[in-house]
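As a plain string of letters, each chain reads:
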Amino acid sequence: MTGNSRRRPQTRYILSVLELARKNARFFFAASLAGLALRLLFVLRFPAVVDDSRLYADIAMNWLQHGVYGITNSGQVTPTFSRLPGYPAFLAAVFAIFGWSNFRAVLLIQVLFDLGTCFLIADLARRVRSERAAKVAFLLAALCPFLANYAAAALTETLEIFFTTLALDLAVRGFASLQDDSHLSCRLTIWLGCGLSIGACILLRPDGGILFAAIGGYWLLLFLRSLVKRQDDGPHRAARVLPLLGIGVILTIGAFSPLVPWTLRNLHTMHRFQPLAPRYANDSDELVMAGFNRWTKTWIAEYTSVQEIYWRVPGDAVDATRLPNRAFDSPEQQQETEQIFDDYNQNHEVTPELDARFAALAATRIRSAPLRYYVWLPALRIADMWLRPRTEVLPSDPRWWEFNDDPAWLTVSIVFGLLNLAYVAAAVGGLLRSRAMFGIGLFALFVLLRSLFLGTLENPEPRYTLECYPVVIVMAAAFLSGKSHRNDRRPA
């Protein structure tokens, strides 16, 4: 091996996406400017400050003003663990610098994070594919209206996607380092950064743990392969296994150590072991509508029902005629369901007795059609989250297929739907074309685990699949950039 070839992995390793941007300055400048303009359009014309945004802001301001991580209830600040502290901490930092409830500053900073995500996606594509794919990926990310749309929403998505992409980029870099002569301290630094990025995802949303399951699962696969590979080669096997074991330890410490202060706070303040937020984002004194939630999962399959039924309970009147036909197995069951909602609409509260009636109804429906409950409806919810037009924080009518919306917003819904289909179809094409691409197993595992988890939810919101969009864009770039050369498959 010559000196040049011996240095080649390190040379490729050092070549960051910023250096790639300098080599293609005009392209990246123009694409960045277009991406910035698109995001500012959403911020200025369609900012989304929703109920969840105000709840996060309330927690952030109470944290700053009173030193209490809590919500305002009847003028009193009450400690809470209903939301993880990642996004409230971000809001608190922005409010402390730019003023109370300055959501405009929040959204503008999220725009910068989202543009950073575009560069990370390009770096990820460069590492697993080629420089050409990196440029395509950057353009797809910069002009992606779904990423840009949520940069203008005061919700966790933009930060969650940023840290998800960072963790995946570091994971690919870390796994690639096992194939070259990188120093051990460099490897450990990479994996610590990967773990901390996962920890940031978890502090923002509990389902950030799926990212750890994907990266950890891929690590476990490599670890088991190292254990069974060439059983008679003891010393060499130890040399392969020990670095992987160290990676697993560092990754786990990095991912879960950020949760320690939060867990200790909940033990001290709330007197409860709660390392994450509760499943239904409730506080300890709130009723969990287990029966209603279980009944909802016996029929719900699309986001429209989330808006019209699921989010309205409790607190708002529900029009039972909005329930789809699949919510009933017989005329008698339909009558029983409508009677339950008539009783609910009297005071818009779900009492334990009313919740028990929902639970009994759910049990009957599950017994009569278990495959529908455990297989078909989860599959439909997953499909709806992946394929629905991503206009949920825009004024578009969620029932776009009825074609009775304002013509401009109907056009937006159709265009967004077609764009989403194009991204997903190109990603599938990239997956089929690039089966030998480095990191493809990690990407596929992450998308699979997240999709399966989302199928278990009662509220199929399309935004929950956005964390997979960095992978979608990288795979779409792999497809659109054409067939790769042999050297393009070398991890960088």
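The model shown is predicted, which means the values in this text are computed figures rather than measured ones.

Concerning the pairing of strand β2 (residues 76-79)
Remember that side chains alternate between the two faces of the sheet whenever the strand is regular.
Right, on to step 1. Two elements, strand β1 (residues 70-73) and β2, share 4 bridges in a ladder whose sense is antiparallel. For Thr72, the partnering residue across the bridge sits in β2 and is Val77.
Right, on to step 2. Linkage of β1 to β2, two consecutive antiparallel strands, is achieved through a turn of 2 residues, within which Ser74 is found at a positive phi near 55°.

Notes on helix α11 (residues 209-228)
Right, on to step 1. With 20 residues, α11 should cover 28 Å at 1.5 Å per step; its first-to-last C-alpha distance of 28 Å lies within 8% of that length.
Right, on to step 2. Taken residue by residue, α11 has Ile210, Leu211, Phe212, Ala214, Ile215, Gly216, Tyr218, Trp219, Leu222, Phe223 and Ser226 as its buried positions.

Concerning empty space enclosed by the protein
Right, on to step 1. Here the structure, examined in full by the defined rule, presents 1 cavity of 30 Å³ or more.
Right, on to step 2. Of the volumes computed, that of the largest cavity is approximately 30 Å³.
Right, on to step 3. Contributing to the lining of the largest cavity are Glu160, Thr164, Asp207, Gly208, Ile210, Leu211, Phe446, Arg450 and Glu467.
Right, on to step 4. Those elements giving two or more residues to the lining of the largest cavity turn out to be α9 (157-177), α11 and α20 (440-454).
Right, on to step 5. Grouping the constituent residues of the lining of the largest cavity by class yields 3 nonpolar, 2 polar and 4 charged.

Focus on the packing of helix α7 (residues 131-142) against helix α21 (residues 469-480)
Right, on to step 1. α21 packs onto α7 with a crossing angle of 125° between their chain directions and a minimal axis gap of 8 Å. On the basis of their axis angle, the class for α7 and α21 is oblique. Every pair of crossing elements has a handedness; the one defined by α7 and α21 is right-handed. Between α7 and α21, the residues in contact are Arg132, Ala133, Val136, Ala137, Leu140 and Ala141 and Ile473, Ala476, Ala477 and Leu480, respectively.
Right, on to step 2. Partitioning the contact of α7 with α21 into residue classes produces 9 nonpolar, no polar and 1 charged.

Overview of unusual backbone geometry
Right, on to step 1. Residue Pro314 follows Val313 across a cis peptide bond; omega there is -5°.
Right, on to step 2. Within the secondary structure, Pro314 sits in the loop between α15 (303-308) and α16 (331-344).
Right, on to step 3. In this structure, Ser101 is a non-glycine residue whose phi angle is positive, near 55°.
Right, on to step 4. Relative to the assigned elements, Ser101 resides in the loop between α5 (86-98) and α6 (103-128).
Right, on to step 5. For Ser101, a relative accessible area of 35% translates into the label partly exposed.

Re the environment of Leu124
Right, on to step 1. Turning to its location among the elements, Leu124 is positioned in helix α6.
Right, on to step 2. By relative accessible area, which is 0% here, Leu124 ends up buried.
Right, on to step 3. Through-space distance from the C-alpha of Leu124 to that of Leu18 is 12 Å; in sequence the pair is 106 residues apart.
Right, on to step 4. Excluding residues within four positions of it along the chain, Leu124 makes contact with Leu168, Asp169, Val172, Phe443 and Val474.

Describing the nonpolar core
Right, on to step 1. Of all hydrophobic cores here, the largest spans 106 residues; its most connected members are Ile198, Ile215, Phe443 and Tyr469.
Right, on to step 2. Among the elements that line this core, the one with the most residues is α6, at 12 residues.
Right, on to step 3. Apart from residues lying up to four places away in sequence, Ile215 is in contact with Ala167, Ala171, Phe175, Trp191, Cys194, Ile198, Leu251 and Leu442.
Right, on to step 4. Of all hydrophobic cores here, the second largest spans 23 residues; its members include Phe328, Tyr344, Leu354 and Ala362.

Things to note about the environment of Leu40
Right, on to step 1. Position of Leu40 relative to the elements: it lies in helix α3 (residues 25-45).
Right, on to step 2. Since its relative accessible area comes to 29%, Leu40 is described here as partly exposed.
Right, on to step 3. Sequence separation between Leu40 and Leu84 is 44 residues; the distance between their C-alpha atoms is 28 Å.

Overview of α9
Right, on to step 1. Here α9 contains 21 residues, and its C-alpha end-to-end distance of 30 Å stays within 8% of the 30 Å for a straight helix at 1.5 Å per residue.
Right, on to step 2. Taking burial as the measure, the 21 residues of α9 include 18 buried ones, the bulk of the element.

Quick word on the side chain of Thr263
Right, on to step 1. As for its placement among the helices and strands, Thr263 is situated in helix α13 (residues 259-270).
Right, on to step 2. Excluding anything up to four places from it in sequence, Thr263 contacts Phe273, Gln274 and Pro275.

Things to note about the pattern of salt bridges
Right, on to step 1. For the coordinates displayed, the defined rule picks out 24 salt bridges.
Right, on to step 2. As a salt-bridge pair, Glu19 and Arg22 come within 4.0 Å of each other at their nearest N and O atoms. Remark: Arg22 and Glu19 occur in helix α2 (residues 17-23); sequence separation between them is 3 residues, near one turn of the helix.
Right, on to step 3. Judged by relative accessible area, Glu19 falls into the partly exposed class, the value being 26%.
Right, on to step 4. The exposure class of Arg22 is exposed, given its relative accessible area of 60%.
Right, on to step 5. Glu461 is the partner of Arg463 in a salt bridge, and the nearest nitrogen-oxygen pair spans 2.8 Å. For the pair Arg463 and Glu461, a shared accessibility class is recorded, and that class is buried.
Right, on to step 6. Several salt bridges converge on common partners, so that one network encompasses Glu157, Arg205, Asp207, Arg450, Glu461, Arg463 and Glu467.

Some details on a nonpolar patch on the surface
Right, on to step 1. A surface patch of nonpolar side chains, about 580 Å² in accessible area, is lined by Leu387, Trp401, Phe403, Ile414, Leu418 and Leu421.
Right, on to step 2. Ranked by residues supplied to the nonpolar patch, first place goes to helix α19 (residues 407-433) with 3 residues.
Right, on to step 3. Counting through the fold element by element, Leu418 comes out in helix α19.

Quick notes on the packing of aromatic side chains
Where two aromatic rings form a pair, the distance of their centres and the angle of their planes describe that pair.
Right, on to step 1. Following the criterion strictly, the structure yields 33 aromatic pairs and no others.
Right, on to step 2. Measuring from ring centre to ring centre gives 5.0 Å for Phe175 and Tyr218, while their planes differ by 75°; the resulting arrangement is edge-to-face. Separated by 43 residues along the polypeptide, Phe175 in helix α9 and Tyr218 in helix α11 bring together distant segments of the chain.
Right, on to step 3. Joined through ring pairs, the aromatic side chains of Phe292, Trp295, Trp299, Tyr310, Phe341, Tyr344 and Phe358 make up one cluster.
Right, on to step 4. Over the face of the ring belonging to Tyr56 we find Arg83, whose NZ or CZ atom lies 6.0 Å from the ring centre.

Conventions used here
- Residues numbered from 1 in each chain as written.
- Predicted model: local features only at pLDDT ≥ 70, side-chain atom pairs only at ≥ 80, totals over all residues.
- Heavy atoms only, no water.
- Pairing = 2+ DSSP bridges.
- Helix = DSSP H or I, 4+ residues; strand = E, 2+ residues; numbered from the N terminus.
- Expected span 1.5 Å × (residues − 1).
- Buried < 20%, exposed > 50% of the residue type's maximum accessible area, 1.4 Å probe, protein only.
- 1 Å grid on protein atoms, 1.4 Å probe; cavity = no way out; pocket = protein on both sides within 12 Å on 5 of 7 lines; lining within 4 Å.
- Points joined across faces, edges and corners; volume = space filled by probe spheres on them.
- Nonpolar A, V, L, I, M, F, W, Y, C, P; charged D, E, K, R; others polar.
- Axes fitted to C-alpha atoms, helices over the stretch in contact; angles between N-to-C directions.
- Parallel < 35°, antiparallel > 145°, perpendicular 65-115°, else oblique.
- Left-handed = near helix turned anticlockwise from the far one by under 90°.
- Contact = heavy atoms within 4.5 Å.
- Core = buried A, V, L, I, M, F, W, Y, C linked by side-chain atoms within 4.5 Å.
- Salt bridge = Lys/Arg side-chain N within 4 Å of Asp/Glu carboxyl O.
- Patch = residues over 30% accessible without salt bridge, like charges linked within 9 Å, V, L, I, M, F, W, Y side chains within 5 Å.
- Areas by Shrake-Rupley, 256 points an atom, 1.4 Å probe, with all protein chains shown as cover.
- Phe/Tyr/Trp six-rings, centres within 6.5 Å; stacked < 30°, edge-to-face > 60°.
- Lys NZ or Arg CZ within 6 Å of the ring centre and 35° of its normal.

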